[in-house]
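Next come the chains, spelled out residue by residue.
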Amino acid sequence: MKSVLIILSILVFAVGSKAQELPLILDHPGTFEILKRTDYASTECGFTKAEVAANFQKITELVILVRNNPVLSELKGFDGRVRIYNSIACQYEGVYGVPARISFEFAAWYRLKDGREVRGLIEPPEWSIYINTIQPGWTSGFSRKPDFFGVPEKKETIAPGIDVYDGECFVLYDPSRPNYWLPVTVKEAFDVVFAENKRNKDEIQRKMTLEMLDGEWANVPPTDWNKPATMSGMISRVGTMEGFPKIMKVNPAYWDKSKPKSDIQFITFRMITNKNFLEQRSKEWLKANSISYHEARFEESLDMDFVRSLVPLIGKK
């Protein structure tokens, strides 16, 4: 009962906070800027300053294309800012091109109780796009060294160079290159699981887990050893059943290494395609004077024409 009361209190507070948001100034003229930086790739990644500087120019081209969006071209009620973040992609296997996260921020203008007009610059609502991050953040981690990861089973190739997973996780790539990911076999996945268990310093836990893993592996028929592996609810997390994420690995052969590391060869982002949901969300956030309203309008305006406009960036000289 106590936990129920706590949850109800949180919900009441959340609703009350939403209702008390300060009024947005929807007609306030907006500005747009790129927060320039050329240190977004860590030195440990091994990219030269010249490569990162050239990559920044590619990012600028991407930003110009995204700004064709009606919400970002109109700039009313918010200031748009682009922030480039360090990417952790360098930590993973199969990296070639300079990776980066490009975050589009929507700093809403609103009116304080004393009448002053201000904009929210502390962690404003944002939408991100990733370049050369060949293991996207929406994959499920499986192992490190080797880097195996789970990918949603539902995949659709809606045009050459455009794949979409789970209906909203987009991958833009060069279709003339080898597959960007390769399936991991059941045996490969089990080998990794056994190797990880050997590194467990808790001897009792290691022996117990090994016994269970041996039992699971014994039940895998040899005819399944070379089948594509999926993530499962077993101790090993390895299966072959449909409906589960596929275990994949980066294919290093995808990268065209005749091109500079500064080039964009891979783009990922999330784009919700349920327009009814997006439209309703925008209306609700406008009614609540939410500072996320403009970011919601932006997401609502995204469509397949936008996606197709980005494809020419892949491998562009």
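Read on for an overview of the structure. (Residues numbered from 1 in each chain as written. Predicted model: local features only at pLDDT ≥ 70, side-chain atom pairs only at ≥ 80, totals over all residues. Heavy atoms only, no water.)

**Focus on the environment of asparagine 251**
In step 1: As for its placement among the helices and strands, asparagine 251 is situated in the loop between β14 (246-250) and β15 (267-270).
In step 2: A residue is classified by how much of its surface remains accessible, and asparagine 251, at 9% relative accessible area, is buried.
In step 3: When the C-alpha positions of asparagine 251 and asparagine 179 are compared, they lie 6.8 Å apart, and in sequence the two are 72 residues distant.
In step 4: A polar side-chain atom of asparagine 251 sits 2.8 Å from the main-chain carbonyl oxygen of asparagine 179. (Helix = DSSP H or I, 4+ residues; strand = E, 2+ residues; numbered from the N terminus. Buried < 20%, exposed > 50% of the residue type's maximum accessible area, 1.4 Å probe, protein only. Polar contact = N/O pair within 3.5 Å; in protein donor to acceptor, adjacent residues only side chain to side chain.)

**What about the packing of aromatic side chains?**
In step 1: Tallied over the full model, the rule gives 22 aromatic pairs.
In step 2: Relative to tryptophan 225, the ring of tryptophan 217 lies with its centre 5.0 Å away and its plane at 20°, an arrangement referred to as stacked.
In step 3: A ring pair is formed by tyrosine 254 and tryptophan 255, whose centres lie 5.7 Å apart and whose planes are at 65°; its orientation type is edge-to-face. Taken as a pair, tyrosine 254 and tryptophan 255 share a single burial class, namely buried.
In step 4: Members of the aromatic cluster, joined through ring pairs, are Tyr96, Trp138, Phe149, Tyr165, Tyr173, Tyr180, Trp181, Tyr254, Trp255 and Phe266.
In step 5: For arginine 101, the ring lying beneath its charged end belongs to tyrosine 85, and the centroid distance is 4.1 Å. (Phe/Tyr/Trp six-rings, centres within 6.5 Å; stacked < 30°, edge-to-face > 60°. Lys NZ or Arg CZ within 6 Å of the ring centre and 35° of its normal.)

**A look at the packing of helix α6 (residues 275-287) against helix α7 (residues 293-301)**
In step 1: The geometry of α6 relative to α7 is characterised by a closest axis approach of 9 Å and an angle of 160° between their N-to-C directions. Classified by the interaxial angle, the pair formed by α6 and α7 is roughly antiparallel. Regarding α6 and α7, the two cross each other, and that crossing is left-handed. Packed against α6, whose contacting residues are Lys275, Leu278, Glu279, Arg281, Ser282, Trp285 and Leu286, the element α7 presents Tyr293, Glu295, Ala296, Arg297, Glu299, Glu300 and Ser301 at the interface. (Axes fitted to C-alpha atoms, helices over the stretch in contact; angles between N-to-C directions. Parallel < 35°, antiparallel > 145°, perpendicular 65-115°, else oblique. Left-handed = near helix turned anticlockwise from the far one by under 90°. Contact = heavy atoms within 4.5 Å.)

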